[in-house]
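Structural overview for review
The primary structure of each chain is shown beneath.
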Amino acid sequence: MTPNSVSTPPLLQAENLHLFFGGLSALVNVSFQVRPGEILALIGPNGAGKTSALNCLNGFYRPQKGHILFANHDLTRTPTHQISRLGIARTFQNIALYTGMTALDNLMAARHIRMNQSMFASALYFGAAQREEIAHRRVVEEIIDFLEIEHIRKATVGALPYGLRKRVELGRALALEPRLLLLDEPMAGMNVEEKEDMARFILDIHERRQMTLLLVEHDMGLVMDIAQRVVVLDFGVKIAEGTPSEIKANPAVIKAYLGEAEHK
Amino acid sequence: MNKIVLTITLVVMAVLVLTACAPAPAPTPVPPTPAPKPTEPPKPTTAPATTAPQPTAAPKPTDVPKPALRTKANPGETITLYHLGDVTGPLAAITTPLVSGFDDGVKYLNKTGGIRGAQVLLEMSDTASQVDRAILGYNRFREKKPLVLQMYGSGETEALKARLAEDKIPVLTAGVSSKGSYPPGYVFAVVPIYTDQFGLFIDWLVLNWDKVKPAKGQGLDSPKIALVTWDSAFGRDVLTAETRAYAERKGVKIVGQELFTPGAPDVTTQILAAKKAGANVIYTNTLAHGPAQILKDTVSLGVREEFLIAGCNWTLDLSMLGLAREAAEGFYGVFPNHWWDDADHPGVKIIQAEFAANNRKPAERAVGYLLAFSFVEAMKQYIEKTIDRVGFEGLTGAAVYETIVATGELKAMQGVTALDYNKDRRAPSKARIVQVQKGKFVYLTDWMTAPDLKPK
Amino acid sequence: MNWDLFPQFLATGLLTGGIYSLIALGLVLIYKASRVFNFAQGHLLMLGAFITWWFTENLGWDVWLAFAAAIGLAIIAGWLVERVALRPLIGQPILATVMMTLALSQVLQGVTILAFGAYQRSLPYLFPIQPIVLGDIRLKLNLALAFVLAMLGFIIFVLFFRFTRAGLAMRAAAEDHQLAQSVGLSVPRIFGMAWAIASVVATVCGVLLANISGVELTLSLIALKAFPAVLFGGLESIPGAIVGGLTVGILESLVGGLPQDPALRALHLGDIAPYVFMLIVLWFRPDGLFGLKRIERI
Amino acid sequence: MAIRLAGDFDISYAHDMAILRNHGQWVMLIVFLTGLFALPFVADGKTLGLLNIIGISIIAAHGLNILLGYTGQISLGQAAFMAVGAYTTAVLMKYGVAFWFALPISGVVGGIIGLLFGLPSLRIKGFYLAMATLSAQIIIPWFFRNVRVDIFGGTPGLTIAPPRLGELVFNTQETMYFPIMLTVVVCTLVAKNIARTRLGRALIAIRDNDLAAEVLGIEQFSYKLRAFFISAFYAGLAGSLWAVYARSINPEQFSLLNSVWYLGMVIVGGMGSALGPILGASFIRILEESTVQLAPALSKMFPQAAAGMLAALGPLVFGLVLALFLIFEPRGLAHRWELLKAAWRLRPFAH
């Protein structure tokens with residue numbers, strides 16, 4: 001696998017994104033590419049526009065200018081629920097699980113687009129619908145094993161501790177079997193041990209499942225070990241792009257992060 | 001999937017619209033099940049067969065009862081009267097005093113020897129003027145095999161009519177809608193049905209038009225009636241094909257029907273629309289607060305002198321006088337019973353005394369109390385007549401029904417109100433016209449007989 | 001169509017709309033402060049009328065004195081309702097509060113029947129029954145004065161919000177609960193105050209209405225007409241409550257009065273006009289005329 | 001986490017996903033169903049009357065639960081959608097269609113009308129949507145009261161002949177019990193199935209986090225409409241059964257207050273649980289029955305308030321119960337039941 005080879009066409013291409021809220025600009029002329037098979041990190045200080053960028057990819061926000069191309073589709077014109085069908089899954093900074101469901105059902109819910117039983121078949125739960133449910137259960141159980149959450153399979157997620165919820169949410173995104181996985185601060189608010197676990201899962205996903213990942217992270221240090229390429233945003237503007245080692249040496253990045261440190 | 005849902009929706013909507021726009025069905029295909037047997041009220045002549053379990057039941061009333069007939073209650077024996085009415089809901093004004101009247105009526109019966117010695121008990125259920133609750137209440141009562149029920153709401157009576165006939169439970173109802181009372185079944189209206197009352201009013205109006213017509217107003221050469229009434233089964237019961245035809249025959253024009261919701265704070269729109277339509281008479285088929293609102297609003301619009309305003313018997317109540325006050329002056333109505341003011345009447349005297357003895361509030365000095373008290377006494381008479389005929393052992397709803405249709409005129413509480421039924425009639429037909437004068441009901445006529453305007 | 005009566009129905013509708021506005025004001029006050037839509041407003045209104053009646057009938061008080069006393073009780077009742085029923089639900093989903101106010105309406109219904117009976121009563125007239133004749137237009141004096149009182153009430157509330165400490169505190173709390181808390185305002189106390197004021201508004205409405213129609217259980221139903229008014233005006237807007245109430249009143253009167261064809265009149269169109277209107281508003285302008293558009297944070 | 005009996009292990013996913021997992025549960029189900037359908041031969045009419053009305057309420061509450069409990073949308077119009085079902089049945093039977101065909105058709109027509117009033121969910125949600133359903137609750141009875149009186153019977157409404165099956169006439173509590181309970185059993189099974197399959201997960205996903213649901217490819221609008229359809233479909237069935245049970249329908253029977261009662265049943269029973277509507281409807285109806293039984297005794301104690309007692313107790317008790325549940329047990333009786341079951345299984349020395 002040659003994730004960084006420039007010759008392969010990008011999996012996702014964001015071009016000149018402009019996003020405003022009233023007078024506030026969240027993204028200014030941001031462009032980046034995600035290449036097939038890579039782990040790209042999108043980093044930047046608070047308020048840099050990282051999550052806004054993800055929200056554009058998801059169709060939550062519609063950028064006023066610019067395009068996002070994914071598999072020949074312009075995502076800026078695709079409804080949110082269609083984007084997942086194209087093969088993009090994501091997790092959320094503040095965890096957006098279905099709190100009333102069990103962990104298992106959260107994952108099963110993600111199989112939604114891959115199931116095709118009708119409303120009536122669901123209601124009767126007979127024959128094909130039943131077989132389909134069982135087949136998808138098998139897929140989901142594999143992910144549960146992979147993430148080591150067997151013990152909480154039937155627990156309602158609302159009551160789970162933070163770290164486990166993050167893991168269930170990752171599992172839910174995986175259950176979509178996406179081509180591109182967007183992770184919004186997957187390690188935020190975790191202790192060191194949990195962070196290490198999560199990093200291990202992310203690398204495993206990348207290797208064993210051959211998935212392309214776009215990682216949004218606030219904490220620069222952590223990202224450097226995982227990501228293959230890094231894009232840096234500051235106040236909605238892209239200030240740098242390159243390999244982790246290039247980024248570490250980039251003066252603009254250092255300034256942005258130091259500047260933030262001074263504010264603190 | 002979404003598209004499929006949308007397509008199905010559109011198709012079904014289209015079908016619905018088409019059916020709604022389709023011409024009214026020809027009358028021929030309408031009765032697919034022409035009155036299935038169980039819903040058909042048993043004919044009076046066949047009814048004794050249903051009471052067959054009692055071999056003592058004499059085939060003809062003239063036959064001397066066999067000695068086995070027990071007409072005296074055993075010690076401790078009781079008879080329960082049932083009361084299925086709306087204590088709350090839009091009719092509460094008239095029905096709350098009914099409960100008290102019912103209560104005190106039963107007390108009075110027990111004081112005066114019960115029913116052939118049996119203690120009288122009372123069971124009530126509130127329907128809140130909701131038919132679903134009435135049905136639940138009825139289910140409760142039905143299992144106890146009531147001899148006779150008392151009911152109020154038109155809607156409830158109509159809803160239960162078929163089942164009353166199936167279960168052979170006669171009911172005295174104050175919800176005297178034409179649809180509930182006819183075709184004849186087990187429902188007996190306690191006052192003339194609303195359409196007949198309206199007919200009686202038209203009779204009187206035509207005879208006395210020159211004397212009673214409004215001082216000013218429009219088209220005073222003949223009466224032009226607008227119905228200003230509630231948007232409910234009860235409120236709308238007056239305007240039928242029969243009453244329209246009858247009015248036309250009598251040279252009275254019905255110029256419109258204006259509807260309002262019970263409790264609406266303003267009916268000026270309806271009154272002005274009626275005026276626009278050329279009306280000089282307003283008739284309302286509502287309870288006390290209906291006419292009160294109409295009367296007050298005509299006064300406060302300054303058009304009171306332009307209308308003769310009248311209503312059915314339930315409009316003539318204490319709370320109407322209370323709500324409308326001076327505005328009630330000159331209001332006409334159809335009055336089938338005596339009133340609290342008739343102090344010389346022996347029945348009213350007793351009721352007055354009982355009312356005082358039970359420490360009732362002045363607010364309950366209403367038509368409901370007076371009538372409920374009388375109906376309890378009427379029930380007693382019917383049951384006693386039945387006991388005389390078939391004995392305590394033969395006492396069933398069907399047997400009481402037999403008595404009711406065979407009795408003819410029956411003076412309840414010595415004539416506070418008179419009931420009168422036979423095998424075809426399900427309501428009495430006698431009433432007087434009253435007018436509110438100085439806050440009192442004043443009889444303007446002697447007893448009149450209402451025309452028969454029951455639905456064909 | 002009765003076009004010649006158009007000015008008449010317009011005027012009648014305007015006056016009736018004044019009452020709707022005042023009910024809508026109560027709803028808006030509570031919603032603005034605590035994000036609770038009070039389905040029991042109509043029952044508070046009914047209770048207020050019954051209490052006023054009780055003072056005049058059983059204690060023989062003058063109707064205006066009874067009115068004042070009922071307003072005093074309404075403050076306690078509103079505060080109590082918030083304290084007992086709504087306070088435990090702070091932080092619960094909107095459904096819980098909706099259901100609670102529906103439950104409350106049933107409790108108030110039961111309490112009213114138990115305490116006063118279901119009879120219809122009448123209050124001594126606050127205003128004489130007399131017409132006001134303006135050219136071809138005939139209006140009810142009592143309704144016109146009720147309208148004037150209602151509008152006066154509005155002015156008082158606007159002044160209250162602009163110029164009193166409590167009013168300013170309520171406005172601050174309505175904008176942002178956390179912010180209000182951080183500057184030392186007691187948010188629960190403000191909720192209680194909003195309920196107390198809404199309860200007073202309800203009582204005023206109840207007495208004005210009872211003066212026109214009578215003291216009875218059906219008084220509570222009038223609040224159903226204020227719902228479309230509130231949605232049209234915007235759930236959080238006090239001027240919206242006025243505009244919404246007047247619009248619904250006028251709409252109802254015109255739709256109810258103008259058609260002349262008996263078949264059309266028999267449909268009683270005025271009865272549903274406000275709700276069809278509400279559906280249209282919900283579809284085309286869900287936030288109402290003066291409502292706030294909210295951006296959802298993800 | 002669900003606590004199971006010792007010895008109940010999952011052998012396969014199919015087994016784990018089944019509702020009934022061991023022989024004991026099968027036996028219990030068969031005994032229960034046999035008992036349920038044998039009841040009319042032993043119970044008196046009064047009990048059956050109560051059970052019938054509970055059954056009809058359960059169906060309506062199941063439907064509301066799918067909308068409210070699973071999808072998180074408030075509906076104040078369940079009684080109105082029942083009216084649609086009831087009138088569909090009444091009109092179809094008037095034109096000679098047998099009840100057994102009219103019943104499913106009523107469900108479908110009810111569902112479609114429900115779907116129509118669910119259309120605003122494209123643009124609005126939560127409380128605003130509740131107001132749209134409130135307008136359904138006003139407009140639908142108005143329609144039956146005023147439009148095409150020749151078909152719908154206007155204010156007096158329509159009377160309905162009892163359903164027949166060959167010689168059998170369904171005109172008593174005993175006979176009506178069977179079609180009602182059969183529908184209840186089927187409706188419960190379907191509700192349970194919806195809850196545990198693709199459709200139900202999509203609905204709950206929308207309830208719990210509508211944006212995350214969109215991200216996972218669940219189109220909110222389409223699924224909300226489905227929920228409206230199913231909910232009103234159930235209401236239509238309940239209305240249809242009500243029509244032949246009551247044998248006379250008019251627009252006044254399907255009031256806002258009834259809709260509020262159904263909401264109360266779902267809340268008291270427990271939202272988002274297939275057991276909830278059963279418990280809630282039974283609890284509220286039995287409570288109603290007992291207040292009726294209690295009222296005369298209380299009236300004797302307080303004779304001056306006698307007339308009021310009868311009328312006040314119903315709304316008062318309902319309102320209080322609802323308020324208490326909202327404050328102290330918002331997850332309803334179903335949750336209590338789960339706790340009770342867990343406690344029973346964990347009792348000392350069970351195994």
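This is a predicted model, so every value here is computed, not measured.

Residues and elements named next belong to chain C. Summarising the element assignment, Ala223 is placed in helix H9 (residues 223-233). By relative accessible area, which is 3% here, Ala223 ends up buried. For the pair Ala223 and Thr101, spaced 122 residues apart in sequence, the C-alpha separation works out to 13 Å. With residues up to four places along the chain from it excluded, the contact list for Ala223 reads Ile23 and Gly42.

For Ser12 of chain D, the location among the structural elements is in the segment before helix H1 (13-17). When the C-alpha positions of Ser12 of chain D and Gly110 of chain D are compared, they lie 39 Å apart, and in sequence the two are 98 residues distant.

Before going further, it helps to examine the pattern of salt bridges. Residue and element names in this part refer to chain B. Under the definition given, this model contains 48 salt bridges over all chains. For Glu123, the salt bridge identified is with Lys144, shortest N-O distance 2.6 Å. Of this pair, Glu123 sits in strand E2 (residues 119-126) while Lys144 sits in the loop between helix H4 (131-142) and strand E3 (149-151), placing them 21 residues apart in sequence. A residue is classified by how much of its surface remains accessible, and Lys144, at 32% relative accessible area, is partly exposed.

One pass over the structure, following the stated rule, counts 51 aromatic pairs over all chains. An angle of 75° between the planes, with centres 6.0 Å apart, marks the rings of Tyr87 of chain D and Phe152 of chain D as edge-to-face. With Tyr87 of chain D in helix H4 (residues 78-94) and Phe152 of chain D in helix H7 (residues 149-152), this residue pair connects regions lying 65 residues apart in the sequence. Ring centres of Phe143 of chain D and Phe144 of chain D lie 5.5 Å apart, and the angle between their planes is 80°; on these two criteria the pair is classed as edge-to-face. Taken together, the aromatic side chains of Tyr31, Phe37, Phe39 and Phe227 of chain C together with Phe127 and Tyr128 of chain D make up a single cluster linked through ring pairs. Geometry around Tyr245 of chain D places Arg163 of chain B over its ring, the cationic atom sitting 5.8 Å from the centre.

Examined against the element boundaries, Thr268 of chain B turns out to sit in helix H9 (residues 268-276). Setting aside residues no more than four positions away along its own chain, Thr268 of chain B makes contact with Asp297 and Leu301 of chain B together with Thr12 and Lys140 of chain C.

Looking now at unusual backbone geometry. The linkage connecting Tyr182 of chain B with the following residue, Pro183 of chain B, adopts the cis geometry, with an omega of -5°. Of note, Phe235 of chain A is a non-glycine position whose phi angle comes to about 45°, a positive value. Along the chain, the position of Phe235 of chain A falls in the loop between strand E9 (229-234) and strand E10 (237-242). Phi is positive for Arg148 of chain D, which is not a glycine, with a value near 45°. Checked against the element boundaries, Arg148 of chain D lands in the loop between helix H6 (127-146) and H7.

Okay, the domain arrangement of chain B next. Residues and elements named next belong to chain B. Assigned domains within chain B: domain 1 (78-192 + 341-425) and domain 2 (195-335 + 434-449). Distance between the C-alpha centres of domain 1 and domain 2: 28 Å. In this complex, domain 1 contributes 21 residues to the contact, which on the side of domain 2 involves 18 residues. Of the roughly 1600 Å² buried at the junction of domain 1 and domain 2 (both faces included), carbon and sulfur atoms supply 60%. If you look at where domain 1 meets domain 2, you find one salt bridge. Here Arg425 and Asp196 are joined by a salt bridge, their closest N and O atoms 3.9 Å apart. Inspection of the domain 1/domain 2 interface yields five residue pairs in polar contact (both at pLDDT 80 or more). For the side of domain 1 that touches domain 2, the secondary-structure elements that each account for two or more residues are helix H3 (92-111), helix H6 (178-181) and helix H13 (367-390). Here the side of domain 1 that touches domain 2 is built from residues that sort into 13 nonpolar, three polar and five charged.

Procedures and definitions
Residues numbered from 1 in each chain as written. Chains lettered and ligands numbered in written order. Predicted model: local features only at pLDDT ≥ 70, side-chain atom pairs only at ≥ 80, totals over all residues. Heavy atoms only, no water. Helix = DSSP H or I, 4+ residues; strand = E, 2+ residues; numbered from the N terminus. Buried < 20%, exposed > 50% of the residue type's maximum accessible area, 1.4 Å probe, protein only. Contact = heavy atoms within 4.5 Å. Salt bridge = Lys/Arg side-chain N within 4 Å of Asp/Glu carboxyl O. Phe/Tyr/Trp six-rings, centres within 6.5 Å; stacked < 30°, edge-to-face > 60°. Lys NZ or Arg CZ within 6 Å of the ring centre and 35° of its normal. Domains from an automatic or database assignment. Buried area = accessible area lost by both parts, 1.4 Å probe. Polar contact = N/O pair within 3.5 Å; in protein donor to acceptor, adjacent residues only side chain to side chain. Nonpolar A, V, L, I, M, F, W, Y, C, P; charged D, E, K, R; others polar.

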